[in-house]
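Survey of secondary and tertiary structure
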Amino acid sequence: MNTTRNQPSARKFWSWFIPLRRDIGSWAFALNRITALGLTLYLFLHLGVLGLLAQGPGAYDDFLVLTENPFIKLGEWAVVAAAILHGLNGIRIVLTSFGVGVTRQKQLFYGFMLIAVFVILIFTARMY
Amino acid sequence: MTEQWNITLRIYRQKENEAPHFDNFNMEVSPDEYVLDAVERAWAFHDRTLCFRHACHHSTCGACGMRVNGVEKLSCITLIRDIAHNGATLKVEPLRNFPVVSDLAVDMGFFYRKMESVGARAVLPVMEAEIGNPPAQWEAEASQYIRLSDCIECGLCISACPIMATTPEYLGPAPLAAAQDHGIQRKPELLSIVDGEDGVWRCHSAFECTAVCPSFVDPARRIMDLRKQVVGARLSKLFGKA
């Protein structure tokens, strides 16, 4: 019997991020994982930046100059967008996890994502 | 005259100790035939070594689950017209998350053992079945009747579940749905099985099990309901109502 390749394995972790041809629930699942990883990465970067304070005001001021870089700005935008998407999708998961709107989970996802896009647009307009 | 399409069936092949590969079978089919008909044609007229599971041809036995174009389908009820077009290629693979026995045939053993561990029922008293708007007289008369369980144990949900793909210990959608079918109150011993890291709390709400289920078991909803039951049982225990 061919016991390899087709069985559950940690290597299949990557399949979490490829919801092609899947239903909307899988896209929501992938979105939550991608945003979670992004926010976790940001947390470590944030702690690293705060660590600059230990090196004195000069080091932190130098970093603040760097934050004017458009790529860093884009990164900041992405962090806020990810937080909004992750948070609202998270509310949907909490609701459905305890039986609220389970049979309407797709509509809940579309609704929350509509709110997310609206909030992100407002944030984008204020940021730029 | 019956409409005919030319399609290419691209079938996953894997025999003992051989590297997996795909074989292409070009054939003429009616779009109103089912995917299983095309697979059988590939076996009958192209390659008699092609191995696949099938039995009833009407979505009762659950044997012919396959991944068709990347999505879990019961091939006996999947119309070619619904998923392809004239000249299309249909990619047919074995279910994910099961060891391949040969080609499209997988070993369902571990899944059946999980179903057994929760006492999954093949038939259940009709009064315990989730039936919309049961006639009022059932209350008095129907307790003697039994019906077939909705779940046909096809394994499509196990293949589609992203958590199942990475965590073999996870009980999985169908076994959890079977546990919900009993209910914690009716079968308290299920609590220790489903209330754990590989039980109801391992589900991460992708709802893919419900999306692919050909029998409308709706495992995702049942898992969420089971969570409520587990929380209820825990609270009862906490306040000494057990």
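Keep in mind that what you see is a predicted model, and the values were worked out from it rather than measured.

**Details of the packing of aromatic side chains**
This structure, assessed with the given rule, holds twelve aromatic pairs over all chains. On the numbers, 6.3 Å between centres and 50 degrees between planes, the contact of Trp14(A) with Phe17(A) is tilted. Residues Phe98(A) and Trp201(B) carry aromatic rings whose centres are separated by 6.4 Å and whose planes lie at 40 degrees to one another, so their mutual orientation is tilted. Taken as a pair, Phe98(A) in the loop between α3 (70-97) and α4 (105-127) and Trp201(B) in the loop between α8 (191-194) and α9 (208-212) lie in two separate chains rather than in one. Given a relative accessible area of 40%, Phe98(A) falls into the partly exposed group. In this structure an aromatic cluster arises from ring pairing among Phe13(A), Trp14(A), Trp16(A), Phe17(A) and Phe29(A). Against the face of Phe29(A) rests Arg33(A), its NZ or CZ located 3.9 Å from the ring centre.

**Thoughts on a nonpolar patch on the surface**
Judged by side-chain polarity, Leu43(A), Phe44(A), Leu47(A), Leu50(A) and Leu53(A) come together as a nonpolar surface patch covering roughly 500 Å² of accessible area. Structurally, Leu43(A) can be placed in helix α1 (residues 24-51).

**Section: the interface of chain A and chain B**
Contacts between the two partners involve 29 residues from chain A and, on the opposite side, 44 residues from chain B. The contact between chain A and chain B buries some 2800 Å² in all, and 55% of this surface belongs to carbon and sulfur atoms. For the pair chain A and chain B, the interface holds two salt bridges. A salt bridge links Arg22(A) to Glu72(B), with the shortest nitrogen-to-oxygen separation between them at 2.7 Å. At the level of elements, α1 and α3 of chain A are the ones that each hand at least two residues to the side of chain A that touches chain B. A breakdown of the residues in the side of chain A that touches chain B according to their chemical character gives nine nonpolar, 13 polar and seven charged.

**Examining the domain arrangement of chain B**
All names here are of chain B. Entries for chain B in the domain assignment read domain 1 (5-106) and domain 2 (109-238). Each of domain 1 and domain 2 has a C-alpha centre, and these two points are 29 Å apart. Taken together, the contact pairs 17 residues of domain 1 with 17 residues of domain 2. When domain 1 packs against domain 2, the two sides together hide about 1200 Å² of surface, and 60% of this comes from carbon and sulfur. Of all residues in domain 1, the largest losses of buried area upon contact with domain 2 belong to Glu 72, Asn 97 and Phe 98, amounting jointly to 44% of the total for that side. The tally of links between domain 1 and domain 2 comes to zero salt bridges. Those elements giving two or more residues to the side of domain 1 that touches domain 2 turn out to be β3 (65-68) and β4 (71-74). Residues of the side of domain 1 that touches domain 2, tallied by class, amount to seven nonpolar, five polar and five charged.

**So, helix α1 (residues 35-45) of chain B**
All names here are of chain B. Restricting attention to buried positions, one finds in α1 the residues Val 35, Leu 36, Ala 38, Val 39 and Ala 42. Buried residues in α1, looked at end-on, bunch into an arc of 165 degrees, giving them a common side. The inward-facing, buried residues of α1 abut β1 (5-13), β2 (21-29), β3, α2 (80-83) and β5 (89-93).

**Focus on the state of the cysteines**
In protein structure, a disulfide is the covalent linkage between the sulfur atoms of two cysteines. All names here are of chain B. Under the definition given, this model contains zero disulfides over all chains. With no disulfide of its own, Cys 209 lies closest to Cys 203 among cysteine sulfurs, the gap being 6.4 Å. Cysteine Cys 213 remains unbridged, with the sulfur of Cys 154 as its closest cysteine sulfur at 6.2 Å.

**A few points about the pattern of salt bridges**
Residues and elements named next belong to chain B. For the coordinates displayed, the defined rule picks out 21 salt bridges over all chains. With a shortest N-O distance of 2.8 Å, Arg 13 and Asp 47 are connected by a salt bridge. Placement of the pair is Arg 13 in strand β1 and Asp 47 in the loop between α1 and β3, with a sequence separation of 34 residues. A relative accessible area of 4% means that Arg 13 is categorised as buried. In this structure Asp 47 comes out as buried when scored by relative accessible area, which is 17%. Residues Arg 186 and Glu 128 are paired through a salt bridge, measuring 3.4 Å at the closest nitrogen-oxygen approach. With Arg 186 in the loop between α7 (173-182) and α8 and Glu 128 in the loop between β8 (123-125) and α4 (138-141), this pair connects stretches of sequence that are 58 residues apart. Taken together, the shared-partner salt bridges connect Arg 13, Lys 15, Asp 23, Asp 47 and Asp 103 into one network.

Calculation criteria
- Residues numbered from 1 in each chain as written.
- Chains lettered and ligands numbered in written order.
- Predicted model: local features only at pLDDT ≥ 70, side-chain atom pairs only at ≥ 80, totals over all residues.
- Heavy atoms only, no water.
- Phe/Tyr/Trp six-rings, centres within 6.5 Å; stacked < 30°, edge-to-face > 60°.
- Helix = DSSP H or I, 4+ residues; strand = E, 2+ residues; numbered from the N terminus.
- Buried < 20%, exposed > 50% of the residue type's maximum accessible area, 1.4 Å probe, protein only.
- Lys NZ or Arg CZ within 6 Å of the ring centre and 35° of its normal.
- Patch = residues over 30% accessible without salt bridge, like charges linked within 9 Å, V, L, I, M, F, W, Y side chains within 5 Å.
- Areas by Shrake-Rupley, 256 points an atom, 1.4 Å probe, with all protein chains shown as cover.
- Salt bridge = Lys/Arg side-chain N within 4 Å of Asp/Glu carboxyl O.
- Contact = heavy atoms within 4.5 Å.
- Buried area = accessible area lost by both parts, 1.4 Å probe.
- Nonpolar A, V, L, I, M, F, W, Y, C, P; charged D, E, K, R; others polar.
- Domains from an automatic or database assignment.
- Arc of directions from axis to C-beta.
- Disulfide = S-S within 2.5 Å.

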